[in-house]
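Per-entry structural report
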Amino acid sequence: YWYNEESKNKERNIVIDYIKALQKGNILLLEGPDMLFVKSLGDNFNYTICETNKARFNRMKELSQNKNNIELFNIDIYKHSHNKLYNVVYLDYCNSFNSNIKGIIDIKDKIESANIIAFTFFNGRGLSPNIKSMIKILEAIFPHKVVYSNKYFSKCSMISIIMKK
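A brief look at the structure comes next. What you are looking at is a predicted structure, and each value in this text was computed from that prediction instead of being measured. (Residues numbered from 1 in each chain as written. Predicted model: local features only at pLDDT ≥ 70, side-chain atom pairs only at ≥ 80, totals over all residues. Heavy atoms only, no water.)

**Things to note about the sheet that holds strand β5 (residues 116–122)**
- One open sheet accounts for seven strands, arranged β3-β2-β1-β4-β5-β7-β6; its pairing is mixed. Only two strands of the sheet have a single neighbouring strand rather than two, namely β3 (70–73) and β6 (145–153). The mean angle between the axes of side-by-side strands here comes to 10 degrees, regardless of whether they run parallel or antiparallel.
- Taken together, the five bridges between strand β1 (residues 25–29) and strand β2 (residues 45–50) define a ladder with parallel strand orientation. Residue L29 lies in a different strand from β2, and its bridge partner there is I49.
- Sheet contacts for helix α1 (residues 6–20): β1, β2, β4 (88–96), β5, β6 and β7 (157–164); angle to β6, the most-contacted strand, approximately 165 degrees.
- Where helix α4 (residues 97–106) meets the sheet, its contacts fall on β4 and β5, and the angle it forms with β4 comes to roughly 140 degrees. (Pairing = 2+ DSSP bridges. Helix = DSSP H or I, 4+ residues; strand = E, 2+ residues; numbered from the N terminus. Axes fitted to C-alpha atoms, helices over the stretch in contact; angles between N-to-C directions. Contact = heavy atoms within 4.5 Å.)

**Here we look at the nonpolar core**
- V89, L91, F119 and F142 are the most contacted members of the largest nonpolar core, which totals 26 residues.
- When contributions to this core are tallied by element, the ones reaching two or more residues are β4, α4, β5, α6 (131–141) and β7.
- The greatest single-element share of this core, amounting to five residues, is contributed by α6.
- Other than its neighbours up to four places away in sequence, F119 contacts L91, Y93, I104, L138, F142, I159, S160, I161 and M163.
- In terms of nonpolar packing, the next biggest core, distinct from the first, is built from 23 residues, V15, L72, I116 and A118 among them. (Core = buried A, V, L, I, M, F, W, Y, C linked by side-chain atoms within 4.5 Å. Buried < 20%, exposed > 50% of the residue type's maximum accessible area, 1.4 Å probe, protein only.)

**Looking at the packing of aromatic side chains**
- Going through the model one piece at a time under the given rule, you end up with five aromatic pairs.
- Ring geometry for F119 versus F121: centroids 5.6 Å apart, planes at 15 degrees, classification stacked.
- On the basis of relative accessible area, F121 is assigned to the buried category, the value being 0%.
- Counting every residue linked through ring pairs, the aromatic cluster contains Y93, F97, F119, F121 and F142. (Phe/Tyr/Trp six-rings, centres within 6.5 Å; stacked < 30°, edge-to-face > 60°.)

**Let's talk about the environment of N58**
- Here N58 is to be found in helix α3 (residues 54–63).
- In this structure, the C-alpha to C-alpha distance between N58 and P33, residues 25 residues apart in sequence, is 8.6 Å.

**Structural notes on the pairing of β2**
- The buried count for β2 comes to five of six residues, which makes it a mostly enclosed element.
- Regarding topology, helix α2 (residues 36–41) serves as the crossover connection from β1 to the parallel β2, and that connection is right-handed.
- Handedness of the β2-α3-β3 crossover: right-handed. (Right-handed = clockwise from strand over helix to strand, strands pointing away.)

**Some details on the side chain of S160**
- Inspection of the secondary structure puts S160 in strand β7.
- Residue classification places S160 among the buried residues on the basis of a relative accessible area of 3%.
- Side chain to side chain, S160 and E11 meet in a polar contact 3.1 Å long.
- Residues in contact with S160, not counting those within four places in the same chain, are E11, F119, T120, Y148, S149, N150 and Y152. (Polar contact = N/O pair within 3.5 Å; in protein donor to acceptor, adjacent residues only side chain to side chain.)

**A closer look at the pattern of salt bridges**
- For the coordinates displayed, the defined rule picks out eight salt bridges.
- A salt bridge links K8 to D92; its shortest N-O distance comes to 2.6 Å. A residue pair is termed long-range when its members are at least 10 positions apart, and K8 in helix α1 and D92 in strand β4 qualify at 84 residues.
- Judged by its relative accessible area of 7%, D92 is buried. (Salt bridge = Lys/Arg side-chain N within 4 Å of Asp/Glu carboxyl O.)

**Regarding the environment of E51**
- The residue E51 is located in the loop between β2 and α3 in this model.
- Considered as a pair, E51 and I27 are 24 residues apart in the sequence and their alpha carbons are 14 Å apart.
- Discounting chain neighbours no more than four positions away, the residues touching E51 are E31, R56, F57, M60, F73, N74 and I75.

Any functional reading would require information beyond the geometric quantities listed.
Right under this line is the structure:
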């Protein structure tokens, strides 16, 4: 499965290093079925996870049993009520910037208070603008600055972007 792959794990660990500096807080994220992100950060954080794929949702539900710090929703992240203030938002998309930008704009006011907002996008030819254009667009949407961006290959071409207030 592509979610647990060396270059993907390296990028995930860079995001985790930024988040660990906060020491605790609320995190909204798109997570993989093995919950590697949650496992790496541990119990100092509270997690709100949205997943629409029923099989992945059920796997995460099984892994998160008896965990009081994990809220799991079988709903699209854009339809979640977002009734919390989040310190971190990690939107680890498996598709392109262009296919997610409208949804990102739709939830802007619900997530822009986060100290850290991180994204991962599929970087298919013609499906996303170049990384400099993505950064310009995201910095125009959020009151954050990009502190890290990288193109990498994990079964396909991907882009990571980390923004901080």
